[in-house]
There are 2 protein chains.
Amino acid sequence: MASPEIEALTQALARLPGLGPRSARRAVLHLLKKRETALGPLLNALNAVEENLATCSNCGNIDTTNPCGICTDPRRDSRALCVVEEVADLWALDRSRLFPGRFHVLGGRLSALEGIRPEDLTIDSLVRRIEAGGTDEVVLAMNATLEGQTTAHYIAERIERFPIRVTQLAHGLPVGGELDYLDEGTLAQALRARRPVA
Amino acid sequence: MASPEIEALTQALARLPGLGPRSARRAVLHLLKKRETALGPLLNALNAVEENLATCSNCGNIDTTNPCGICTDPRRDSRALCVVEEVADLWALDRSRLFPGRFHVLGGRLSALEGIRPEDLTIDSLVRRIEAGGTDEVVLAMNATLEGQTTAHYIAERIERFPIRVTQLAHGLPVGGELDYLDEGTLAQALRARRPVA
Ligand SMILES: [Zn+2]
Ligand SMILES: [Zn+2]
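Residues numbered from 1 in each chain as written. Chains lettered and ligands numbered in written order. Predicted model: local features only at pLDDT ≥ 70, side-chain atom pairs only at ≥ 80, totals over all residues. Heavy atoms only, no water.

In the annotation of an unreviewed UniProt entry, the entry for chain A reads Recombination protein RecR, and the organism field reads Sphingomonas alpina. The Sequence similarities (unreviewed entry) field of the UniProt record for chain A holds the comment "Belongs to the RecR family." One UniProt comment on chain A, placed under Function (unreviewed entry), says "May play a role in DNA repair. It seems to be involved in an RecBC-independent recombinational process of DNA repair. It may act with RecF and RecO." (UniProt positions renumbered as here; feature names shortened; annotations may be inferred.)

The structure is reproduced here in structure tokens:
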């Protein structure tokens, strides 16, 4: 049996998404064998993050500063606002570098089933951000699920009184998607949104 | 872009075996969102391990005490000694709970190719442990590779002068192994070591 300390470390790692008990043990062994080059740096990195961790009071992003790095980045177009369900979505879009504006994290999606209502999300604060002025376009980047689309429709209604452009991500065939492997819903969307050949 | 602190944490995690950049990002996001239940416990566990980390001067195990928990466990049979190549092998055997004795970690295997000689491994210290008395059996639990077996033969010769039993792990069909999926070497071993049906 490993010592209680090593056991606790294995369990803490095993609880991370993507790591099971087996890979956690391999990771721990690696950390123990590479004290200087793996354990030390990981410990320092965790400490640095833990000490500064903050939720951006502006957009809901999680970062080591508040406001977050995206909200304070002067190279970003503050007139375009991309609304997402979760921080993970923000990160995915940010990584793609395709959206040059700022973000707004709802903290979930409307769900009758799970009892998640508008006041459980940051929709009021989104409305206030738009009300404060300076926004030209709001991109609704909800998931292509029933709940995501319900949320997008609800938000679109809440902000239709503002003189801004409201758009949402296109739905259709994923790049490289083969028709006979696609689910019916995606096919239906792609057919409904069909466009004239350029 | 994530902050430098978050980026550093992602990279430290991505370097662990079994985690790539993608799963590291997911793990970081999980840690950031679960500061109290994931980030805190992981940080504490890493700190506790880092502060106490030691290589057992007796058997070569890595633990948070020296001598390690296995060497000091009074329930273990100190007369049986299992020799393994790496700490990972010790842990695997220890987890199986099939071997009730103690261990000796060589720190590798003899390899002409990699230029690893007997003096690069803890073979001298193994001989001294046996010389000191109290050992009845040495189990050579090297990997079933050419280098592992060369190492086992070398050690067997080095300790043949002691009045002890020297054994090695049996080779043959793995449990559940189907003949037509096995490599030729395993089949040959299994055939050579065939036994009368009980
Ligand atoms: Zn922000
Ligand atoms: Zn030990």
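Another aspect to go through is the sheet that holds strand β3 (residues 77–84) of chain A. Residues and elements named next belong to chain A. Spatial strand order, β4-β3-β5-β6: 4 strands in an open sheet with parallel pairing. Each edge of the open sheet is held by one strand with a lone partner, namely β4 (101–105) and β6 (165–168). Each strand of the sheet is rotated relative to its neighbour by a mean of 25°, with strand direction disregarded. The sheet contact formed by β3 and β4 spans 5 bridges and is parallel. Bridging from a neighbouring strand, L81 pairs with R102 of β4. Sheet strands in contact with helix α4 (residues 87–96) are β3 and β4, and its direction is about 165° off that of β4. Against the sheet, helix α5 (residues 123–131) touches β3, β4 and β5 (137–140), its axis set at about 150° to β4. (Pairing = 2+ DSSP bridges. Helix = DSSP H or I, 4+ residues; strand = E, 2+ residues; numbered from the N terminus. Axes fitted to C-alpha atoms, helices over the stretch in contact; angles between N-to-C directions. Contact = heavy atoms within 4.5 Å.)

Below, the discussion takes up unusual backbone geometry. Residue and element names in this part refer to chain A. For the bond from N66 to P67, the omega torsion is 0°, close enough to zero to count as cis. Structurally, P67 is set in the loop between β2 (62–63) and β3. At R97, a position not held by glycine, the phi torsion is positive, near 60°. In this structure, R97 sits in the loop between α4 and β4.

Right, let's talk about the environment of A:A188 for a bit. Note that A:A188 resides in helix α7 (residues 184–192). According to the relative accessible area criterion, A:A188 is partly exposed, its value standing at 31%. (Buried < 20%, exposed > 50% of the residue type's maximum accessible area, 1.4 Å probe, protein only.)

Turning our attention to the interface of chain B and chain A. On the side of chain A, 47 residues touch chain B, which itself brings 47 residues to the contact. Taken together, both faces of the contact between chain B and chain A bury some 4,700 Å²; the carbon and sulfur share is 71%. The interface formed by chain B and chain A includes 4 salt bridges. With a closest N to O distance of 3.4 Å, A:R35 and B:E50 form a salt bridge. Run the count over chain B and chain A and you get 12 residue pairs in polar contact (both at pLDDT 80 or more). Residue assignment for the side of chain B that touches chain A shows that the elements contributing at least two residues are α1 (4–14), α2 (21–33), α3 (35–52), β2 (62–63) and α4 (87–96) of chain B. Of the residues forming the side of chain B that touches chain A, the biggest block, 13 residues, is contributed by α3(B). (Buried area = accessible area lost by both parts, 1.4 Å probe. Salt bridge = Lys/Arg side-chain N within 4 Å of Asp/Glu carboxyl O. Polar contact = N/O pair within 3.5 Å; in protein donor to acceptor, adjacent residues only side chain to side chain.)

Residue and element names in this part refer to chain A. The protein atoms that coordinate the zinc ion (ligand 1) are C56 (SG), C59 (SG), C68 (SG) and C71 (SG), at distances of 2.3 to 2.4 Å. Note that the zinc ion (ligand 1) binds 4 donor atoms; their angles at the metal cover 104 to 117°, and the shape is tetrahedral. The sequence motif formed by the donor residues of the zinc ion (ligand 1) is C-x2-C-x8-C-x2-C. Here C56 is found in the loop between β1 (54–55) and β2, whereas its partner C68 is found in the loop between β2 and β3, with 12 residues between them in sequence. Taking relative accessible area as the criterion, C68 reaches 0% and is therefore assigned buried. (Donors = N, O, S within 2.8 Å, 3.2 Å for Na, K, Ca; no water. Tetrahedral: all angles 85-135°; square planar, octahedral: opposite > 155°, others 65-115°.)

Mapping chain B onto chain A is achieved by rotating through 180° and translating by 0.0 Å along the same axis, at an RMSD of 0.1 Å. The transformation just described matches what one would write down for a two-fold rotation axis. Taking the C-alpha atom as reference, chain B places B:L43 closest to the rotation axis, 3.4 Å from it. Comparing contact sets, 100% of the residues at the interface of chain B also lie at the interface in chain A, consistent with an isologous, same-surface contact. (Least-squares fit on C-alpha atoms with pLDDT ≥ 70 in both.)

What follows covers the environment of A:L31. With respect to the helices and strands, the residue A:L31 is situated in helix α2 (residues 21–33). Sequence separation between A:L31 and A:G148 is 117 residues; the distance between their C-alpha atoms is 40 Å. Excluding residues within four positions of it along the chain, A:L31 makes contact with A:L9, A:L13, A:A38, A:L39, A:L42, B:L16 and B:L46.

With that settled, the discussion passes to α5(A). All names here are of chain A. Within α5, burial applies to I123, L126, V127, R129 and I130. Buried residues of α5, viewed axially, fall in a sector of 160°; they line one side. Taken together, the buried residues of α5 touch β3, β4, β5 and α6 (146–158). (Arc of directions from axis to C-beta.)

Averaged over chain A, the pLDDT score is 90; the fraction of residues at 70 or greater is 97%. The lowest-confidence element of chain A is α7(A), averaging 76 in pLDDT; the highest-confidence one is α5(A), averaging 97. (pLDDT = per-residue confidence, 0-100.)

Attention now moves to the UniProt feature "domain: Toprim" (unreviewed entry) in chain A. Listed under "domain: Toprim" (unreviewed entry) in the UniProt record, and renumbered for this structure, are residues 79–174 of chain A. The straight-line gap between the two end C-alpha atoms of residues 79–174 of chain A is 28 Å; of that span, 33% is helix and 20% is strand.

Turning our attention to the coordination of the zinc ion (ligand 2). All names here are of chain B. At this site the zinc ion (ligand 2) is bound by C56 (SG), C59 (SG), C68 (SG) and C71 (SG), with donor distances of 2.3 to 2.4 Å. Coordination at the zinc ion (ligand 2) is tetrahedral, judged from the 4 donor atoms that bind it and the angles of 103 to 117° they form at the metal. Donor residues binding the zinc ion (ligand 2) come from one chain and are separated in sequence as C-x2-C-x8-C-x2-C.

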